Amino acid sequence: MARSAAGRSRTACRGENMPLLSAAAEVRENAYAPYSQFRVGAAVRGASGAIYRGCNVENVAYPEGTCAEAGAIAAMVAAGETEILEVCVIADSPTPVPPCGGCRQKLAEFARHDVPVTLATVSGQQLQTTVGDLLPGRFDAGHMERAT
């Protein structure tokens, strides 16, 4: 792993997803994880082509923390976008880490089932999947058509 001038570790990413993976790897360094020390970075590409980043933010009251994926989605929505075209998540783990169940549903809210998802480790392992594969049978607005 190379080090930047600021001394922060940076992940070398390869392939067509390099900008998205690089964004996720870079923001991972900003994660606030004093309790677990498990830093996660996420990046989503909006319909405009812009990349939105998020990192996990822990809280001593564990349920109050925020996942990296949720942070990236919030940044996208705050910028006025509501469609995800691509997702990357990176962590320092032995194998690529998938989003938690809640983040899978959040991704499904803004991404079609065929949107590509790259799960990566800082050591370079990658797993390619889709939002639909991460959350089959997802709950969506169609389930609420009879609601008044």
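What counts and how
- Residues numbered from 1 in each chain as written.
- Predicted model: local features only at pLDDT ≥ 70, side-chain atom pairs only at ≥ 80, totals over all residues.
- Heavy atoms only, no water.
- Helix = DSSP H or I, 4+ residues; strand = E, 2+ residues; numbered from the N terminus.
- Buried < 20%, exposed > 50% of the residue type's maximum accessible area, 1.4 Å probe, protein only.
- Contact = heavy atoms within 4.5 Å.
- Phe/Tyr/Trp six-rings, centres within 6.5 Å; stacked < 30°, edge-to-face > 60°.
- Core = buried A, V, L, I, M, F, W, Y, C linked by side-chain atoms within 4.5 Å.
- Pairing = 2+ DSSP bridges.
- Axes fitted to C-alpha atoms, helices over the stretch in contact; angles between N-to-C directions.
- Right-handed = clockwise from strand over helix to strand, strands pointing away.
- Polar contact = N/O pair within 3.5 Å; in protein donor to acceptor, adjacent residues only side chain to side chain.
- Parallel < 35°, antiparallel > 145°, perpendicular 65-115°, else oblique.
- Left-handed = near helix turned anticlockwise from the far one by under 90°.
- Nonpolar A, V, L, I, M, F, W, Y, C, P; charged D, E, K, R; others polar.

## Some remarks on the overall build of the protein
So, step 1. When helices and strands are counted, the protein shows 4 helices and 7 strands.
So, step 2. Considering the protein as a whole, with its 148 residues, one finds that 41% of them fall into the buried category.
So, step 3. Considering only contacts within the protein whose residues lie at least 6 apart along the sequence, 57% involve residues at least 24 apart.

## Some details on the packing of aromatic side chains
So, step 1. Per the stated rule, a full pass over the model turns up 1 aromatic pair.
So, step 2. Judged by centre distance (6.4 Å) and plane angle (65°), the rings of Tyr35 and Tyr62 are edge-to-face. With a gap of 27 residues between them, Tyr35 in the loop between helix 1 (18–28) and strand 3 (40–46) and Tyr62 in the loop between strand 4 (51–55) and helix 2 (68–78) connect regions that are remote in the sequence.
So, step 3. You can call Tyr62 exposed: its relative accessible area is 55%.

## Some remarks on the nonpolar core
So, step 1. Among the nonpolar cores identified, the biggest contains 21 residues, and Val44, Ile84 and Val87 are the most heavily contacted of them.
So, step 2. Elements with a minimum of two residues in this core: strand 3, helix 2, strand 5 (84–91), helix 3 (101–110), strand 6 (116–121) and helix 4 (131–134).
So, step 3. In this structure, Val87 is in contact with Leu20, Ala43, Val44, Leu107, Val115, Pro116, Val117 and Thr118, ignoring residues within four places of it in sequence.

## Brief notes about the sheet that holds strand 3
Backbone-to-backbone hydrogen bonds pair the strands of a sheet. The strands run either parallel or antiparallel.
So, step 1. Within the open sheet, the 5 strands sit side by side as 4-3-5-6-7. Their pairing is mixed. Of all strands in the sheet, those with a lone pairing partner are strand 4 and strand 7 (126–130), marking the two edges. Shown here is a sheet whose adjacent strand axes are inclined to one another by a mean of 15°, direction ignored.
So, step 2. Where strand 3 meets strand 5, 7 bridges bridge the pair, whose relative direction is antiparallel. Its bridge partner being in strand 5, Arg45 is matched across the sheet by Glu86.
So, step 3. Sheet strands touched by helix 2: strand 3, strand 4 and strand 5. Its angle to strand 4, the strand with the most contacts, is close to 140°.

## Here's the deal with the pairing of strand 5
So, step 1. Most of strand 5 is tucked away: 7 of the 8 residues are buried.
So, step 2. Examined bridge by bridge, strand 5 and strand 6 share 5 bridges and lie parallel to one another. For Val89, the partnering residue across the bridge sits in strand 6 and is Leu119.
So, step 3. Once you follow strand 5 into helix 3 and on to strand 6, the crossover reads as right-handed.

## A closer look at the side chain of Arg45
So, step 1. Tracing the chain through its elements places Arg45 in strand 3.
So, step 2. A polar atom in the side chain of Arg45 sits 2.9 Å from the side chain of Glu86.
So, step 3. Ignoring sequence-local partners within four residues, the contact set of Arg45 consists of Leu20, Ala50, Ile51, Glu83, Ile84, Leu85 and Glu86.

## Here's the deal with unusual backbone geometry
So, step 1. The backbone of Gln37 sits at a positive phi, close to 60°, despite the residue not being glycine.
So, step 2. Following the sequence through the fold, Gln37 ends up in the loop between helix 1 and strand 3.

## Focus on the packing of helix 2 against helix 3
So, step 1. Taken N-terminus to C-terminus, the directions of helix 2 and helix 3 make an angle of 25°; their axes are 9 Å apart at the nearest point. One element, helix 2, and the other, helix 3, form an angle in the roughly parallel class. The two elements helix 2 and helix 3 cross, and the hand of that crossing is left-handed. Along its contact with helix 2, which presents Glu69, Ala70, Ile73, Met76 and Val77, the element helix 3 presents Cys103, Lys106, Leu107 and Phe110.
So, step 2. In terms of residue class, the contact of helix 2 with helix 3 is built from 7 nonpolar, no polar and 2 charged.

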